[in-house]
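The chain contents come next:
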Amino acid sequence: DLERFVYVDQQVQHMYVFERGVLVRDLLCSTGLPTPTTYTEAWEGYIGKYWGTFFAFGTYQDDAWYLYPSLGSILVHSLPYTEEDGYRTYQGREFLGVQPSSHGCIRLAPEDAGWFTRWNPEGAYMVITDPYLEHWQ
């Protein structure tokens, strides 16, 4: 019944994007590491404002969208990267669709994060499943 819907399945590390009940994208993602302070909580709500690029944990992240507060802000964003001489070195691509690797945010490949931003998810309803901590520990 929803115009736009996003479903994050933490057991398989995929983000599914729907329009009017039709799957339009299946994106590999990586959620929070299974520790008490970094796991991605199960959550339902509306995707918030666009944050763009931000700096945290010594790296930059692009195409960030606000989801909810936790020990910090939980966002959907591109892979973290460092930049030297105009060249970006992305971190953690090998974990996308494989296992959790973030501090709680939902990471996407840079090209998928760019698509997500062009799709303009603000106001879309999102469900994030159980973190399956025992599975990932």
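Residues numbered from 1 in each chain as written. Predicted model: local features only at pLDDT ≥ 70, side-chain atom pairs only at ≥ 80, totals over all residues. Heavy atoms only, no water.

(A) The arrangement of the overall build of the protein in detail. Looking only at helices and strands, the protein has 2 helices and 11 strands in total. Going from N to C terminus, the protein has its helices and strands arranged as β-β-β-β-β-β-β-β-β-β-α-β-α. A sequence separation of at least 24 residues applies to 58% of the contacts in the protein between residues at least 6 apart. Of the roughly 7,100 Å² of accessible surface on the protein, a fraction of 52% belongs to carbon and sulfur atoms. Taking the average place of the 8 positive charges on the side chains of the protein and the average place of its 18 negative ones, the gap between the two points comes to 7 Å. (Helix = DSSP H or I, 4+ residues; strand = E, 2+ residues; numbered from the N terminus. Contact = heavy atoms within 4.5 Å. Areas by Shrake-Rupley, 256 points an atom, 1.4 Å probe, with all protein chains shown as cover. Lys, Arg positive; Asp, Glu negative; His and termini not counted. Charge placed at Lys NZ, Arg CZ, Asp CG, Glu CD.)

(B) Broad picture of the packing of aromatic side chains. Scanning all chains against the criterion turns up 12 aromatic pairs. Following the ring pairs from residue to residue traces out a cluster consisting of Phe5, Tyr7, Tyr16 and Phe18. Positioned over the ring face of tryptophan 119 is arginine 4, at 4.8 Å from the centre of the ring. (Phe/Tyr/Trp six-rings, centres within 6.5 Å; stacked < 30°, edge-to-face > 60°. Lys NZ or Arg CZ within 6 Å of the ring centre and 35° of its normal.)

(C) Spatial organisation of the pairing of strand E9 (residues 87–90). Across 4 bridges, strand E8 (residues 81–84) lies against E9 in antiparallel orientation. Looking across to E9, one finds that threonine 82 is bridged to threonine 89. Taken together, E8 and the strand that follows it, E9, pair antiparallel across an intervening segment of 2 residues, in which aspartate 85 is found at a positive phi of about 55°. (Pairing = 2+ DSSP bridges.)

(D) Here's a closer look at the pattern of salt bridges. Taken as a whole, this structure holds 4 salt bridges when the rule is applied. Between arginine 88 and aspartate 62 there is a salt bridge; the shortest N-O distance is 2.7 Å. Of this pair, arginine 88 sits in strand E9 while aspartate 62 sits in strand E6 (residues 59–69), placing them 26 residues apart in sequence. By relative accessible area, arginine 88 is classed as partly exposed at 32%. Looking at aspartate 62, the relative accessible area reads 11%, which means it is buried. (Salt bridge = Lys/Arg side-chain N within 4 Å of Asp/Glu carboxyl O. Buried < 20%, exposed > 50% of the residue type's maximum accessible area, 1.4 Å probe, protein only.)

(E) Expanded view of the nonpolar core. The biggest cluster of nonpolar side chains holds 22 residues, and the ones touching the most others in it are Met15, Leu67, Phe116 and Met126. For this core, the elements supplying multiple residues, two or more each, are strand E1 (4–9), strand E2 (14–19), strand E3 (22–30), E6, strand E7 (73–78), strand E10 (106–108), helix H1 (110–119) and strand E11 (125–128). Ranked by residue count, the leading element in this core is H1, at 4 residues. Leave out the neighbours within four places in its chain, and methionine 126 touches Val6, Val8, Met15, Trp43, Glu44, Gly45, Ile47, Leu67 and Val76. Formed by 5 residues, the second largest nonpolar core is a distinct cluster that contains Phe54, Ala64, Leu75 and Cys105. (Core = buried A, V, L, I, M, F, W, Y, C linked by side-chain atoms within 4.5 Å.)

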